[in-house]
Number of protein chains: 2
Amino acid sequence: MIKGKNIVGYSESALGSTTFKTFNPKENVANDAIIFEATAEEIDRACNLASKAFKIYRNTPGIKRAAFLNAIADEILALGNNLLDCYVLESGLPKGRAEGERERTIGQLRMFAKLVETEDWREPSHKSEGGSTKKMLIPIGPIAVFGASNFPLAYSTAGGDTASALAAGNPVIVKSHPMHAQTGELIASAIVNAAHKTGMPEGVFSNLNSNGIEVGTQLVLNPNIKAVGFTGSLNGGRALYDLAATREEPIPVFAEMGSINPVVITQKALQTRTPEIANMYADSITMGVGQFCTNPGLIIVLESDLTNSFVELLGEKLAKIPSFCMLHPNIHREYTSNKNLLSSQETVILVNEAEPPTKTNAAQARLVMTKGSSFLKNITLHQEVFGPFSMVVQYKDEDQLIRIIEKIEGQLTGTIIAEKSDYANISPVFEALQERVGRVVFNGVPTGVEVCDAMTHGGPYPASSDSRFTAVGPNAIRRWVRPISYQNVPEILLPEILRG
Amino acid sequence: MIKGKNIVGYSESALGSTTFKTFNPKENVANDAIIFEATAEEIDRACNLASKAFKIYRNTPGIKRAAFLNAIADEILALGNNLLDCYVLESGLPKGRAEGERERTIGQLRMFAKLVETEDWREPSHKSEGGSTKKMLIPIGPIAVFGASNFPLAYSTAGGDTASALAAGNPVIVKSHPMHAQTGELIASAIVNAAHKTGMPEGVFSNLNSNGIEVGTQLVLNPNIKAVGFTGSLNGGRALYDLAATREEPIPVFAEMGSINPVVITQKALQTRTPEIANMYADSITMGVGQFCTNPGLIIVLESDLTNSFVELLGEKLAKIPSFCMLHPNIHREYTSNKNLLSSQETVILVNEAEPPTKTNAAQARLVMTKGSSFLKNITLHQEVFGPFSMVVQYKDEDQLIRIIEKIEGQLTGTIIAEKSDYANISPVFEALQERVGRVVFNGVPTGVEVCDAMTHGGPYPASSDSRFTAVGPNAIRRWVRPISYQNVPEILLPEILRG
């Protein structure tokens with residue numbers, strides 16, 4: 001059923017001879033299908049088709065683009081168990097997670113469909129003071145989307161970047177994630193079916209395979225590409241950002257590059273509900289085998305006996321959570337090596353860890369602890385360890401706490417666990433944290449990103465490459481649009497929403 | 001009266017030994033005042049003060065920031081004739097222009113004051129579906145502003161970039177334009193006076209002098225700087241853009257880098273009103289000695305006898321407009337050399353030019369003409385000639401016209417001069433033009449940028465470095481802000497506008 005071919009406009013294409021296979025991490029074997037890497041010719045063709053499609057697609061009425069997005073959602077559902085099985089095969093994640101992520105993906109597509117059914121998202125400005133100038137938002141052109149390893153659906157082929165870009169009227173070329181190229185192909189076929197059924201121009205979507213960096217590099221450097229969406233590692237995102245900046249016409253790159261998501265817990269909160277907090281965080285740290293960009297990797301608490309009790313309990317809870325398979329042997333290898341790198345730093349002590357897993361590619365959760373002074377001195381301790389790992393940093397006084405927060409790199413989220421009686425004194429912490437993050441959470445966990453208008457998924461660098469945008473929620477569309485003004489333009493030529 | 005010192009926070013500072021003078025282009029002599037270039041120490045100090053000021057300033061109530069902006073406007077007015085005389089001395093522009101630009105500058109300051117008196121600009125999002133997440137826009141941090149040579153007031157020290165950045169709650173460090181450093185000092189002193197009077201924290205504003213690239217380079221690379229605003233040449237803007245991309249923490253650069261502002265004129269329009277169009281464009285091409293980024297440098301018309309008559313008439317009108325002094329001998333020199341470079345290209349013919357000027361640094365207006373096929377082949381013909389110069393390109397058929405428009409680099413504006421009876425057939429031209437510009441003008445001239453909500457001053461690269469933003473109008477504030485989400489944050493800690 002899986003053909004392993006690239007989808008270039010409305011054609012399947014396999015011109016090249018370089019191939020690869022995806023991997024089943026649970027069985028520790030390569031999957032059967034042979035995937036063909038896109039060639040330079042296929043990349044160019046996809047970009048040319050996208051550029052041509054843009055001339056038509058940008059003017060497609062919103063109601064038709066909405067129908068296209070809804071049709072994509074329908075076609076994804078129609079893939080049924082094939083999609084879920086393929087997802088599980090390539091990710092090692094449980095079927096329930098596949099279903100949940102499919103629901104989220106479909107929800108996002110339908111949200112953007114609803115957004116563009118009316119034209120309010122264009123922020124039409126009806127009259128200048130002089131009365132002759134009007135303004136609205138228009139799409140910027142073909143977008144290259146790089147899917148995430150950890151969300152084969154919601155942040156990949158038909159994920160938030162693709163949905164928001166298509167909604168605005170931009171063609172999309174996906175560089176499929178090599179770890180789930182089969183799942184990507186299924187979703188790409190759903191998009192193409194939807195495009196056919198709703199009469200979209202050829203080139204509105206293409207899907208290119210690659211297991212290396214060449215295809216992505218060529219894609220970002222192609223002059224027809226007008227912006228890039230990326231979800232993944234700091235190294236990968238920064239490389240694309242740097243590449244885009246070298247173009248004769250530089251283009252915006254929105255890269256969401258992960259976080260350690262600091263959590264500050266007050267002594268009063270620990271006095272009142274240590275067991276509850278320990279449970280909540282043992283779950284959050286190991287959720288999805290810790291493979292979330294909002295995973296809480298840093299817990300900041302005052303040096304105290306109470307803290308020691310909490311840390312011990314959190315360690316115990318964490319150690320009891322069964323190990324589970326990671327997305328890929330490479331991710332498992334990196335998890336192990338990064339975890340060990342941080343654990344081996346001076347003054348870092350092991351609090352607890354799960355039993356050594358008996359299954360292949362399963363991640364052993366680990367909790368370590370260090371002092372605030374060490375964290376301030378050693379930036380290796382600020383590194384993200386992608387997986388079920390967290391580090392407790394014990395600070396000695398509030399002054400040190402603030403310095404720690406101010407020293408942390410930009411983050412997607414920052415969390416405060418506090419009691420009502422803390423609120424009067426917590427302002428400085430809250431203030432400092434806000435400056436480093438895109439989202440502040442109170443008395444909860446950072447994992448779980450609600451798809452809503454009020455969501456910011458992004459944050460100061462390196463959480464994202466441009467803190468002025470969000471990757472989640474309807475405002476994600478703003479990454480792919482620009483304002484245009486019409487001065488003294490006759491009514492008959494004006495876009496309909498600007499008339500009158 | 002002019003001290004030539006840098007303004008670093010609330011102190012005047014002249015630690016360095018490198019000095020320069022500004023120039024009186026009309027008299028062709030250097031002005032008296034000695035200007036001290038900022039040293040590395042002064043730059044660092046300004047950036048550190050800005051970073052400290054940000055912690056206070058970002059939380060200053062909107063009504064207080066509005067008072068600050070209004071006070072800047074008042075203080076600028078209070079400079080009276082000193083400012084106008086200094087402006088004329090350093091720019092060679094007439095006093096009437098100085099007055100007009102002062103009015104515009106003050107208008108912009110008051111517009112942003114009004115914008116931030118209420119908190120709607122923050123786009124507060126009151127409730128997520130779950131009800132626990134809220135969102136609003138917050139400032140991103142200290143902004144480096146590089147003033148323009150051609151607008152000593154409206155796009156310089158207290159121009160649109162500074163006003164919008166301060167309005168949002170960001171401290172500003174201006175790298176004063178070396179051609180009008182004295183004017184810059186006067187405006188900077190007005191800003192500092194206003195900051196004092198309205199109780200703003202030290203570091204909310206600094207003004208640094210420099211005649212070379214070192215100060216700007218250090219400023220953009222300083223980790224305390226969080227974004228850059230620039231108005232000027234493509235070379236200058238691109239250099240800053242590239243520099244910012246090399247930072248460990250890359251930052252947004254909004255650079256507005258000029259245009260040739262294509263104008264398409266239909267045959268029917270020429271049939272009906274050749275003299276009117278020729279008058280209008282002779283004025284627009286020479287307005288402000290052609291030293292506007294919206295100057296019409298490219299006029300695209302069908303090859304015909306009618307066009308030849310129009311071109312001849314436009315040339316005659318242009319030749320009659322008296323030559324006038326340019327901003328600086330360097331600008332005059334570049335104008336002459338760029339004008340000659342384009343005029344000497346194969347197939348380019350001289351239509352007409354003004355009498356050789358008798359006064360020093362005065363610009364001789366020139367109109368040249370070429371064929372569509374030449375324009376398509378030779379990108380030298382696409383270059384901006386900053387000054388009272390324009391090129392007529394005669395296209396042979398509509399297909400060639402569309403190819404010409406599609407080949408033009410990104411532009412601030414694109415204009416169509418057409419009759420009502422053209423409207424039914426002009427869609428393809430209108431469509432193609434929209435894709436290349438930030439503002440489409442009908443039956444008018446591109447010069448003159450209304451400061452209003454509906455204005456887009458920006459456009460696809462290289463008109464600006466990021467087409468998703470505008471440099472003029474209230475939305476210019478979006479360049480310097482980012483969204484932040486508050487999830488489950490107690491009412492008492494929430495910003496006031498998000499409560500309830």
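Read on for a plain summary of the structure.

1. Considerations on the side chain of A:Lys339
Reasoning step 1: On the secondary structure map, A:Lys339 appears in helix 11 (residues 329-343).
Reasoning step 2: In contact with A:Lys339, not counting residues within four places along its chain, are A:Glu353, A:Gln364, A:Arg366, A:Val385 and A:Phe389.

2. Thoughts on the pattern of salt bridges
Close approach of charged atoms lets side chains of opposite charge pair.
Reasoning step 1: Overall, the coordinates contain 44 salt bridges over all chains when judged by the stated rule.
Reasoning step 2: Here B:Lys197 and B:Glu75 are joined by a salt bridge, their closest N and O atoms 2.6 Å apart. Placement of the pair is B:Lys197 in helix 6 (residues 181-197) and B:Glu75 in helix 2 (residues 62-78), with a sequence separation of 122 residues.
Reasoning step 3: Residue classification places B:Lys197 among the exposed residues on the basis of a relative accessible area of 65%.
Reasoning step 4: One salt-bridge network, held together by shared partners, links A:Glu123, A:Arg478, B:Glu123 and B:Arg478.

3. A closer look at the packing of aromatic side chains
Reasoning step 1: Taken as a whole and assessed by the stated rule, the structure comprises 15 aromatic pairs over all chains.
Reasoning step 2: Ring plane angle 75° and centroid distance 5.8 Å describe the contact between A:Phe430 and A:Phe442, whose orientation is recorded as edge-to-face. Here A:Phe442 lies in strand 21 (residues 437-442) and A:Phe430 lies in helix 14 (residues 427-434), a separation of 12 residues in the sequence. In terms of burial, A:Phe430 and A:Phe442 fall into one category: buried.
Reasoning step 3: An aromatic cluster is present here, built from A:Tyr423, A:Phe430, A:Phe442 and B:Tyr486 joined pairwise through their rings.

4. Notes on the relation of the copies chain A and chain B
Reasoning step 1: For these two chains of identical sequence, chain A goes onto chain B by a turn of 180° and a shift of 0.0 Å along the axis, with RMSD 0.0 Å. Such a combination of turn and shift is consistent with a two-fold rotation axis. For chain A, the minimum C-alpha distance to the rotation axis belongs to A:Ala245 and amounts to 3.4 Å.
Reasoning step 2: Same-surface contact between copies: 100% of interface residues of chain A are shared with the interface of chain B.

5. Some words on the interface of chain A and chain B
Reasoning step 1: With 70 residues of chain A in contact, the opposing surface of chain B contributes 71 residues.
Reasoning step 2: For the chain A and chain B pair, buried surface summed over both sides reaches about 5900 Å², with 48% attributable to carbon and sulfur atoms.
Reasoning step 3: The largest per-residue losses of area from chain A upon contact with chain B belong to A:Arg468, A:Arg482 and A:Leu493, which jointly make up 13% of the total buried on that side.
Reasoning step 4: Linking chain A to chain B there are 10 salt bridges.
Reasoning step 5: With a closest N to O distance of 2.9 Å, A:Arg58 and B:Glu431 form a salt bridge.
Reasoning step 6: At the junction of chain A with chain B, the criterion picks out 44 residue pairs in polar contact (both at pLDDT 80 or more).
Reasoning step 7: Looking at the side of chain A that touches chain B, the element that brings in the most residues is strand 22 (residues 481-487) of chain A, giving 7 residues.
Reasoning step 8: Residues belonging to the side of chain A that touches chain B are distributed by class as follows: 30 nonpolar, 17 polar and 23 charged.
Reasoning step 9: Sheet topology note: the strand 22 of chain A/strand 21 (residues 437-442) of chain B ladder contains 3 bridges and is parallel. Considered in strand 21 of chain B, the bridge of A:Ser485 is made with B:Arg439.

6. Looking at the sheet that holds strand 14 (residues 298-302) of chain B
Backbone-to-backbone hydrogen bonds join strands into a sheet, with any given pair of strands oriented parallel or antiparallel.
Reasoning step 1: Taken in spatial order, the 9 strands line up as 7(A)-22(A)-21(B)-20(B)-13(B)-14(B)-19(B)-18(B)-16(B) in an open sheet, and their pairing is mixed. Both outer strands of the open sheet, strand 7 (133-139) of chain A together with strand 16 (349-353) of chain B, are each paired with one neighbouring strand and no more. Taking each pair of neighbouring strands and ignoring which way they run, the sheet shows an average axis angle of 20°.
Reasoning step 2: As paired elements, strand 20 (residues 411-417) of chain B and strand 21 of chain B share 5 bridges and run parallel to each other.

What counts as what
Each chain carries its own residue numbering, running from 1 in the written order of its sequence. In the order they appear in the text, chains get letters beginning with A and ligands get numbers beginning with 1. Residue-level local features of this predicted model are given only where pLDDT is at least 70; pairs of side-chain atoms are given and counted only at 80 or more, and the full residue set underlies all totals for whole chains, interfaces and linings. Side-chain calculation: all heavy atoms of the structure are included, whereas hydrogens and water are not. For the purposes of this entry, the term helix denotes a DSSP run of H or I that reaches at least four residues, the term strand denotes a run of E that reaches at least two, and both are numbered from the N terminus. Contacts are assigned to residue pairs with any non-hydrogen atoms lying within 4.5 Å of each other. Salt bridge, as used here: a side-chain nitrogen of Lys or Arg that lies within 4 Å of a carboxyl oxygen of Asp or Glu. Throughout, exposure labels follow a simple rule: accessible area from a 1.4 Å probe, protein chains only, divided by the maximum for the residue type, with under 20% read as buried, over 50% as exposed, and the rest as partly exposed. Only Phe, Tyr and Trp rings take part, Trp by its six-membered ring, and two of them pair if their centres are within 6.5 Å. Stacked means planes under 30 degrees apart, edge-to-face means over 60, and tilted covers everything else. What sets the superposition is a least-squares fit of C-alpha atoms, and only residues with pLDDT of at least 70 in both copies go into it. Buried area: the accessible area, evaluated with a 1.4 Å probe, that two parts lose upon being put together, summed over both parts. Two N or O atoms form a polar contact when they lie within 3.5 Å of each other; inside protein one atom must be a possible hydrogen donor and the other a possible acceptor, and for residues adjacent in sequence the pair counts only when both atoms belong to side chains. Three categories are distinguished: nonpolar for Ala, Val, Leu, Ile, Met, Phe, Trp, Tyr, Cys and Pro, charged for Asp, Glu, Lys and Arg, and polar for the others, with Gly belonging to the last. DSSP bridges decide pairing: two strands pair if at least two such bridges lie between them. Helix axes are fitted to C-alpha atoms over the stretch in contact, other axes to C-alpha atoms as well, and angles between N-to-C directions run from 0 to 180 degrees.

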